[in-house]
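A structural walkthrough
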Amino acid sequence: MKKPEATQAVNVLTFRDRWQSYLKHPLSLMVWLIVHLAVILTAGVIILLVGYILVTGIPNLKPELFAWKFTTDNQSMMPALVNTVCMTILSLLMAVPVGVGAAIYLAEYAGRGNKLVKLVRLTAETLSGIPSIVYGLFGMMLFNIAFGWGYSMLAGCVTLAIMILPLVMRTTEEALLSVPDSYREGSFGLGVGKLRTVFRIILPSAMPGILAGIILAIGRIVGESAALIFTSGSGKENLQFGQTGNFFADLFAPLFQSTRTLSVHMYNLMSEGLHTQEAQATAVVLLILVIAINALSSFLAKKLTKGNENG
Amino acid sequence: MKNKLKETVMHVVFFLTACVSIAAVLIICVYLLGNGIPTIAEIGLENFFGITWKPSKDLYGIVPFIVGSIYVTAGAIVVGVPIGILCAVYLAYFCPKKLYKILNPAVRLMAGIPSIVYGFFGLMVIVPVIQQLAGTSGKGLLTASILLGIMILPTIIGTAEPALRAVPGSYYEGALALGATHERSTFSVVLPAAKSGVMSGVILGVGRAIGETMAVIMIAGNQTKMPGGLLDGLRTMTSNIVLEMGYSTGLHRRALIATGVVLFVFILIINICFSLIKRGDKAS
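Structure report, in brief.

Conventions and cut-offs
Residues numbered from 1 in each chain as written. Chains lettered and ligands numbered in written order. Predicted model: local features only at pLDDT ≥ 70, side-chain atom pairs only at ≥ 80, totals over all residues. Heavy atoms only, no water. Helix = DSSP H or I, 4+ residues; strand = E, 2+ residues; numbered from the N terminus. Polar contact = N/O pair within 3.5 Å; in protein donor to acceptor, adjacent residues only side chain to side chain. Contact = heavy atoms within 4.5 Å. 1 Å grid on protein atoms, 1.4 Å probe; cavity = no way out; pocket = protein on both sides within 12 Å on 5 of 7 lines; lining within 4 Å. Points joined across faces, edges and corners; volume = space filled by probe spheres on them. Nonpolar A, V, L, I, M, F, W, Y, C, P; charged D, E, K, R; others polar. Buried area = accessible area lost by both parts, 1.4 Å probe. Salt bridge = Lys/Arg side-chain N within 4 Å of Asp/Glu carboxyl O. Phe/Tyr/Trp six-rings, centres within 6.5 Å; stacked < 30°, edge-to-face > 60°. Buried < 20%, exposed > 50% of the residue type's maximum accessible area, 1.4 Å probe, protein only. Lys NZ or Arg CZ within 6 Å of the ring centre and 35° of its normal.

Turning to the side chain of B:Thr186, a few remarks are in order. Residues and elements named next belong to chain B. In this structure, Thr186 sits in helix H8 (residues 182–193). From its side chain, Thr186 meets the backbone oxygen of His182 in a polar contact 3.0 Å long. Sequence-distant contacts of Thr186, that is, excluding residues within four places in its chain, are made with Tyr93, Phe94, Tyr172 and Leu191.

Pasting the structure below:
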């Protein structure tokens, strides 16, 4: 069906128009080529990376790699997987309340031009720039040696919590700031106090953004290895509850056990040099985890923007 | 009355949580510098900033590792920055919408892949290729530069692309109206206007490259000598720490911590550059 004359766009360039323009401006043509070359290169690298890991790793995914207990025969990644989940939860339990609280202070309580806000932003930026190996060194010196915890899950978790704190803080603050001011005004106008407004009105509407940030933080924890090899060490065993009979001592015993996450597990497999196939399989599991985490995070972020457009 | 108390208490709680990051930075600074500086003094400046690292003979010269870190970072910049900026321009001004929906998550996936997986990829794919082409062991500056260049791509793209998009549309339209082609408008008008955002992306990438540990260990060769040519193996500050921390004791261990302190100082300098650029951006 032909479009009516009146609505036909007049500024559409046909391929021939463009080609003639490029012939007149050979430099532009070159730039066009270089830009596309760069993108094809990047896309190629991504495809090669993901493809290589999947193609070499999937045939090595054997059921004994998911056996509950680690032995030198099966090189099971199951204990590492369980540890990763436990350490992620524990680190989040420490970092999220602090990060969200700090973001609430920055976005809702601190006035404009507050000196403290600038200082907090500066320190958060500094924290996010510190390489993980420096966190590892710091954690080792403070928690493992000075506090006498030794290689322990707790030392690793506190180190990770400090590491992800700026990420949680920044994403939460952005999410809070994206909540329209009319929400606050409406709530205050109804006579609701500040605290109630924050918890009942602002936090719920910013929730998808906060969750997206937390999920990014999970991704960072799952991928971390340099900060952990000196803090939580590389224990291969399952988490063991204590046997002393004292309820609390038994419950907290795993905190002081040396544990490895999946990334550290992969590093150890590779540095031992004997278990390339197992390392390939672990890479697949890590990659799948990262893909799932990213998808979930962007899904939630999308939900946030959609919600605000409708509201 | 009760409500008011609750409000005040929570205000203080939020205030305290905001102070945690300040406290964390202070503790990290004090702890690292407090441990590092006495160690450097004990080893002696001349020894510590010498060129031989032989802990068995009490020689703790870390200059080869500092040079190694700088070389590797420079290599990553040469490989990663041009491609990263071009990709960011593509995503912001050339990309069809449908393709963007694939490329954007792909770039974010790249940012999320653990460095150990990158190291594995480098070891299994890039190292053999360099081995074939150059006839060396395949591990060295060139390999590390390529891999780190790939690793900093998502950092650069992720910062530069929003900066490019934030340039007012009138800049681009004005250039077009003056008769410039699409390419010329983006590269001579929009890109310079987004200069500071693009630069902060590059600096973040530099920070990531210099602090990268696990990937570099796998592919840089880790020789303790002064780095030579493109194909020679080298060792960075980060890999020195991880490689020897496991079995070190006494002064050797403290020397490794001091290496970390030097790295920390480098990062602080990079951070200061980053915030200066940001501040300059706001002033203009």
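Take the layout of surface pockets next. Put simply, the second largest pocket is a space of about 610 Å³. Lining the second largest pocket we find 20 residues, and of these A:Leu13, A:Arg18, B:Thr181, B:His182 and B:Glu183 sit closest to its centre. Breaking the lining of the second largest pocket down by element, the ones donating at least two residues are helix H1 (15–24) and helix H2 (26–57) of chain A together with helix H3 (63–94), helix H7 (169–177) and H8 of chain B. Grouping the constituent residues of the lining of the second largest pocket by class yields 10 nonpolar, 6 polar and 4 charged.

Of the residues lining the interface, 69 residues belong to chain B; the matching set on chain A comes to 77 residues. Buried area between chain B and chain A, summed over both chains or domains, comes out near 6,400 Å², and the portion from carbon and sulfur atoms is 84%. Counting across the chain B and chain A interface gives 0 salt bridges. Summed over the shared surface of chain B and chain A, the number is 7 residue pairs in polar contact (both at pLDDT 80 or more). The greatest single-element share of the side of chain B that touches chain A, amounting to 18 residues, is contributed by helix H1 (residues 2–43) of chain B. A per-class count over the side of chain B that touches chain A returns 48 nonpolar, 14 polar and 7 charged.

Overall, the coordinates contain 16 aromatic pairs over all chains when judged by the stated rule. Residues A:Trp149 and A:Phe256 carry aromatic rings whose centres are separated by 6.2 Å and whose planes lie at 75° to one another, so their mutual orientation is edge-to-face. Remark: A:Phe256 occurs in the loop between helix H9 (247–252) and helix H10 (262–272) and A:Trp149 occurs in the loop between helix H5 (132–146) and helix H6 (153–177); sequence separation between them is 107 residues. On the basis of relative accessible area, A:Trp149 is assigned to the partly exposed category, the value being 24%. Judged by its relative accessible area of 42%, A:Phe256 falls in the partly exposed class. Relative to B:Phe65, the ring of B:Trp53 lies with its centre 5.3 Å away and its plane at 70°, an arrangement referred to as edge-to-face. Taken together, the positions of B:Trp53 in strand S1 (residues 53–54) and B:Phe65 in helix H3 put the pair 12 residues apart, joining distant regions of the chain. Taken as a pair, B:Trp53 and B:Phe65 share a single burial class, namely buried. Taken together through their ring pairs, the aromatic side chains of A:Phe138, A:Phe143, A:Phe147, A:Trp149, A:Phe256 and B:Tyr31 make up a single cluster. Note that A:Lys194 overlies the ring of A:Tyr109, its terminal NZ or CZ placed 5.1 Å from the centroid. The ring of B:Tyr100 is capped by B:Arg165, whose NZ or CZ atom sits 5.0 Å from the centre of that ring.

In short, the description is geometric, and any link to function would need to be established separately.
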